[in-house]
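Tertiary structure, described
Chain by chain, the residues run as shown.
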Amino acid sequence: MGRTEQPRRRTIRDVSKGGVPGVWLTAYTAPLAHRLDAHVDVILVGDSLGMVVYGMSDTLGVSLDMMIAHGAAVVRASRQALVVVDMPFGSYQESPALAFRNAARVMAETGCGAVKLEGGAEMAETVGFLVQRGIPVCGHVGLMPQAVKATGGFRTQGRDAEQARKVHADAHAIAAAGAFAVVLEGTVEPLSREIAASVPVPVIGIGASPACDGQVLVVDDMLGMFGTAIPRFVRRYADMGDVIDDAVARYAQDVRSRAFPGPEECFGVRRQVTPG
Ligand SMILES: Nc1nc(=O)c2c([nH]1)NC[C@@H]1CN(c3ccc(C(=O)N[C@@H](CCC(=O)O)C(=O)O)cc3)CN21
Ligand SMILES: CC(C)C(=O)C(=O)O
Ligand SMILES: [Mg+2]
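Here is what the cut-offs are and how they apply
Residues numbered from 1 in each chain as written. Chains lettered and ligands numbered in written order. Predicted model: local features only at pLDDT ≥ 70, side-chain atom pairs only at ≥ 80, totals over all residues. Heavy atoms only, no water. Core = buried A, V, L, I, M, F, W, Y, C linked by side-chain atoms within 4.5 Å. Buried < 20%, exposed > 50% of the residue type's maximum accessible area, 1.4 Å probe, protein only. Helix = DSSP H or I, 4+ residues; strand = E, 2+ residues; numbered from the N terminus. Contact = heavy atoms within 4.5 Å. UniProt positions renumbered as here; feature names shortened; annotations may be inferred. Polar contact = N/O pair within 3.5 Å; in protein donor to acceptor, adjacent residues only side chain to side chain. Donors = N, O, S within 2.8 Å, 3.2 Å for Na, K, Ca; no water. Pairing = 2+ DSSP bridges. Axes fitted to C-alpha atoms, helices over the stretch in contact; angles between N-to-C directions. Near = heavy atom within 4 Å. Nonpolar A, V, L, I, M, F, W, Y, C, P; charged D, E, K, R; others polar. Areas by Shrake-Rupley, 256 points an atom, 1.4 Å probe, with all protein chains shown as cover.

Formed by 63 residues in total, the largest nonpolar core has its most connected members in Ile43, Met87, Val106, Val115 and Leu117. Sorting elements by how many residues they give to this core places helix H3 (residues 64-76) first, with 6 residues. When residues no more than four places from it in sequence are discounted, the contact partners of Ile43 are Leu25, Thr26, Ala27, Ala33, Leu36, Asp37, Val74, Ser78, Ala81, Leu82, Val83 and Val84. Listed in part, the 14 residues of the second largest apolar core include Val15, Trp24, Leu44 and Leu82.

Okay, structure coming up:
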C-alpha cells in the first residue's frame, strides 16, 4: 500500500472456500453500490436488473449494453468490493469465441473483476475458454433463470434423484473448467450442502444452504423494495418500500396544501428568524 492507505479492491483471489462466509449482494446503480461497498465482499451486477429495474417478467430481454452501462456505474461508485457482472441471455451460449468477445467487452468497458454466466456441463468448455484467456468466470448452476422458458418457471432444483445428480455434476464440471466460484441457486437440502462440501471452489448460495462458502441475495428483495413475487429464500432486512410510500405520501400532501415549498426552500424570500 502507498502512503495514503487506500483499501485495495478485492480480486477473485479473495473469494475463499471455508472460513467466514463471503458476503455477496446485487447492485445495479451507483448510489446503492456506494453504500454496499463498505459492507460486502462482492457486488454482483445481476441480470435480475431486467426484472428489478426494468420491470420485465424474466431476464431474457436483458442486453449486453444494459449490463455494461450498469456494470460501469457500479464499478465507478465502489472502491473495495469485487464487482462481478452477469453475462446476459444470448451473449455467451452460442460459442466460446462469441462468449469471449462479449465477456471481453464487459471487462474492458466496465472495469469489473469477473463475469458470471449460467450453465452446467454444457458450458464447461466456454468457461475454460474464457479462463485460459484471462477472464475470471463465476458459474451459476441449479435454478438458472435464463432457462425459465425451458424449465417452465422459477423452480426449485434437485427434488428427484436424477435432477440432483445433474446439479451436482454441473457444479463440478464448472469448477473443473476453472471457475473461481459457483453460484448455487434454488436447490434443496441436503443436496446443496453436499455440493458445497465437495466442489473444490467456493460455492455461493441463494436459496441453497447455510453450509455454502458465501451467500448472495438481490438487494432490492432484502431491502423490501421489490414488490412482486419475492422468492421464499429472501429474508427482509428492511421495509424500504414502506419508507418510500410514507415519504412520498407526505410530500404529496404538502404540495397539495401548499405547505411545500416553505420560505426557507425559496430563493429571495426573507427567512423567519428563530430566537435562541
Ligand atoms: N427480485 C429478484 N430476486 C431474485 O432472487 C431473482 C430475480 N429477481 N430475478 C432473477 C432470478 C429469478 N429468481 C427467482 C424468482 C422466483 C422464484 C420463486 O418464485 N420461487 C418459488 C418456488 C418455486 C418452486 O419451487 O416451484 C418460491 O416460493 O420461492 C425463485 C427464484 C431468482 N432471481
Ligand atoms: C440472483 C443472482 C445470483 C443473479 O444471478 C442475479 O441477480 O441476476
Ligand atoms: Mg443472474
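This next bit is on the UniProt feature "active site" (unreviewed entry) in the protein chain. UniProt records the feature "active site" (unreviewed entry) at Glu185, using the numbering of this structure. With respect to the element layout, Glu185 can be found in strand E6 (residues 181-185). Excluding anything up to four places from it in sequence, Glu185 contacts His140, Val141, Gly142, Leu143, Pro145, Ile206 and Phe233. Within the structure, the side chain of Glu185 is placed 2.9 Å from the side chain of His140, a separation counted as a polar contact.

At 2.1 to 2.2 Å from the magnesium ion (ligand 3) lie its protein donor atoms, namely Asp47 (OD) and Asp86 (OD). With Asp47 in the loop between strand E2 (42-45) and helix H2 (49-52) and Asp86 in strand E3 (residues 82-86), this pair connects stretches of sequence that are 39 residues apart. Taking relative accessible area as the criterion, Asp47 reaches 4% and is therefore assigned buried. The exposure class assigned to Asp86 is buried, which follows from its relative accessible area of 3%.

Further remarks concern the UniProt feature "binding site: 3-methyl-2-oxobutanoate" (unreviewed entry) in the protein chain. Sequence positions flagged by UniProt for "binding site: 3-methyl-2-oxobutanoate" (unreviewed entry) are, in local numbering, Asp47, Ser48, Asp86 and Lys116. For this annotated set, covering 70 residues, all C-alpha atoms fall within 12.5 Å of each other, a compact arrangement in space. Along the chain, Ser48 falls in the loop between E2 and H2. Assessed through its relative accessible area of 16%, Ser48 is described here as buried. Not counting the four nearest positions on each side in its chain, Ser48 is found in contact with Thr26, Tyr28, Thr59 and Val218.

This paragraph deals with the sheet that holds E2. What the 8 strands build is a closed barrel, ordered E1-E2-E3-E4-E5-E6-E7-E8; its pairing is parallel. For this sheet, the mean inter-axis angle between neighbouring strands, taken without regard to orientation, is 25°.

Looking now at the site of ligand 2. In the neighbourhood of ligand 2, the contacting residues comprise Thr26, Leu44, Gly46, Asp47, Ser48, Asp86, Lys116, His140, Val183, Ile206 and Val218. Note that an oxygen atom of ligand 2 is positioned 2.6 Å from one of the side-chain N or O atoms of Ser48. At 2.8 Å from an oxygen atom of ligand 2 is found a side-chain nitrogen or oxygen belonging to Lys116. Grouping the constituent residues of the shell around ligand 2 by class yields 4 nonpolar, 4 polar and 3 charged.

Right, let's talk about the site of ligand 1 for a bit. For ligand 1, the set of nearby residues contains 16 residues, the closest of which are Phe154, Thr156, Glu185, Asp221 and Arg232. At 2.6 Å, a side-chain N or O of Thr156 approaches an oxygen atom of ligand 1. Between a nitrogen atom of ligand 1 and a side-chain N or O atom of Asp221, the distance comes to 2.6 Å. The protein chains hide 78% of the 660 Å² of surface that ligand 1 would expose on its own.

Residue Pro190 follows Glu189 across a cis peptide bond; omega there is 5°. Position of Pro190 among the secondary structure elements: in the loop between E6 and helix H8 (191-198). Omega for the bond connecting Phe260 with Pro261 falls within 30 degrees of zero, at 0°, which places this linkage in the cis form. Mapped onto the fold, Pro261 is located in the segment after helix H10 (240-256). Its identity is not glycine, yet Arg258 carries a phi of approximately 60°, on the positive side. In this structure, Arg258 sits in the segment after H10. On the accessibility criterion, Arg258 (74% relative accessible area) is exposed.

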